[in-house]
Amino acid sequence: MIAIDQMKRGSPPTGFTFARTGGGEDGEWSVVEDRTATAGQAIEQISTGSTDYRFPLAIPDSFSAADVAVEIRFKAVAGRIDQAAGIAVRLADPDNYYVARANAMEDNVRFYRVVNGRREQLGGANLKVTANTWHTLGLRAEGKRFTISYDGKMLFNVIDKTFGEAGGVALWTKADSVTRFEQLKITTLPQAGDK
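On a predicted model such as this, the values are computed, not experimentally measured, just so you know.

*Asks:* Please provide a residue-by-residue account of the packing of aromatic side chains, values included.
*Replies:* Applying the stated criterion across every chain yields a total of seven aromatic pairs. Pairing tryptophan 29 with phenylalanine 181 gives two aromatic rings, centres 6.0 Å apart and planes at 35°, and the pair type is tilted. Linking tryptophan 29 in strand S2 (residues 29-33) with phenylalanine 181 in strand S14 (residues 178-188), this pair joins segments that are 152 residues apart in sequence. For tryptophan 29, a relative accessible area of 4% gives the class buried. Ring plane angle 80° and centroid distance 5.3 Å describe the contact between tyrosine 98 and phenylalanine 163, whose orientation is recorded as edge-to-face. With a gap of 65 residues between them, tyrosine 98 in strand S7 (residues 96-103) and phenylalanine 163 in the loop between strand S12 (153-159) and strand S13 (168-172) connect regions that are remote in the sequence. Taking relative accessible area as the criterion, tyrosine 98 reaches 0% and is therefore assigned buried.

The following block contains the structure:
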């Protein structure tokens, strides 16, 4: 668990590196007060750059694993183009990774691989994603199997072997999404081999 409650408000979250997939301006990440968050504050992507193919990333430092379970609570706060929150895993660099994301504007959860900066959908589910409400998004990567969950319910599995090596984890948003994140839990799993 990353201790967001101990970070300084009004500053970028400590222990993170920031990057961007696609074009437009860089993301801007800040620790903000939120009385509805479990610990009273959250990490927010606050920039509202309007480039559609723009994916800001906040990457916890010094973490790398291939098989991992990641869970976050997120709240889509605003966005005219998009209202999205995501988790990236096996991040080799800002242009190569897997990402599970929920979208309050489209009411769906999707799973993508991003290869050389190009995003390709591998799976998805349509369901209500309410804006300005905390939800939980989970992504479990074991070998070539990926399991995506939402609000504690398993949604779907995907099999893919594009990225098998250890890589980073990241918080992810899209376009002008203003999104808050809290309770980031990262669990390294036993190596699954080629399951």
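*Asks:* Tell me about the sheet that holds strand S5 (residues 68-78), residues and numbers included.
*Replies:* The strand order across the open sheet formed by seven strands is S2-S3-S14-S5-S10-S11-S12, and the pairing between neighbours is antiparallel. A single partner strand is all that each edge strand has here, and the edge strands are S2 and S12. Strand-to-strand twist across the sheet, computed as the mean angle between neighbouring axes with direction ignored, equals 30°. Of the strand pairs in this sheet, S2 and strand S3 (residues 41-45) are connected by five bridges, and their pairing is antiparallel. When the sheet's bridge partners are listed, serine 30 is paired in S3 with glutamate 44.

*Asks:* Please provide a residue-by-residue account of the pattern of salt bridges, values included.
*Replies:* For the structure on display, the rule yields 16 salt bridges. Between glutamate 182 and arginine 73 there is a salt bridge, with the nearest N and O atoms lying 2.3 Å from each other. Of this pair, glutamate 182 sits in strand S14 while arginine 73 is found in strand S5, placing the two residues 109 residues apart along the sequence. One salt bridge connects aspartate 107 with lysine 128, and the closest N-O pair in it is separated by 3.4 Å. Here the residue aspartate 107 occupies a position in the loop between S7 and strand S8 (108-115), and lysine 128 occupies one in the loop between strand S9 (118-126) and strand S10 (135-142), the gap between them amounting to 21 residues. Using a relative accessible area of 23% as the deciding quantity, one classes aspartate 107 as partly exposed. Residue lysine 128 is classed as exposed on the basis of its relative accessible area, which comes to 55%. Taken together, the shared-partner salt bridges connect Asp34, Glu44, Lys75 and Arg180 into one network.

*Asks:* Go over unusual backbone geometry with me, naming the residues and quoting the values.
*Replies:* What you tend to see is this: most non-glycine residues have negative phi, and most peptide bonds are trans. Backbone geometry places serine 62, a non-glycine residue, at a positive phi of 60°. Locating serine 62 in the fold gives a position in the loop between strand S4 (54-60) and S5. Residue classification places serine 62 among the exposed residues on the basis of a relative accessible area of 83%. In the Ramachandran plot, glutamine 183 falls in the positive-phi region, its phi being about 50° despite a non-glycine side chain. Relative to the helices and strands, glutamine 183 is located in strand S14.

*Asks:* How would you sum up the environment of isoleucine 4? Please name residues and give values.
*Replies:* On the secondary structure map, isoleucine 4 appears in the segment before strand S1 (16-22). As for isoleucine 4 and lysine 174, which are separated by 170 residues in sequence, their C-alpha atoms are 22 Å apart. The contact partners of isoleucine 4, leaving out residues within four places of it in the chain, are Gln41, Ala42, Ile43, Phe181, Glu182 and Gln183.

*Asks:* Break down the pairing of S4 for me, with residues and values.
*Replies:* For S4, the tally of buried residues reaches seven of seven residues, placing the bulk of the element in the interior. Neither face of S4 is exposed, since Arg54, Pro56, Ala58 and Pro60 on one face and Phe55, Leu57 and Ile59 on the opposite face are all buried. By the bridge criterion, seven bridges tie S1 to S4 in an arrangement that is antiparallel. Looking at the pairing, phenylalanine 18 lines up with alanine 58 of S4. Pairing between S4 and S13: two bridges, direction antiparallel. Across the sheet, leucine 57 pairs through a bridge with tryptophan 172, a residue of S13.

Rules used in this analysis
Residues numbered from 1 in each chain as written. Predicted model: local features only at pLDDT ≥ 70, side-chain atom pairs only at ≥ 80, totals over all residues. Heavy atoms only, no water. Phe/Tyr/Trp six-rings, centres within 6.5 Å; stacked < 30°, edge-to-face > 60°. Helix = DSSP H or I, 4+ residues; strand = E, 2+ residues; numbered from the N terminus. Buried < 20%, exposed > 50% of the residue type's maximum accessible area, 1.4 Å probe, protein only. Pairing = 2+ DSSP bridges. Axes fitted to C-alpha atoms, helices over the stretch in contact; angles between N-to-C directions. Salt bridge = Lys/Arg side-chain N within 4 Å of Asp/Glu carboxyl O. Contact = heavy atoms within 4.5 Å.

As far as function goes, none of this settles anything; it's purely spatial.
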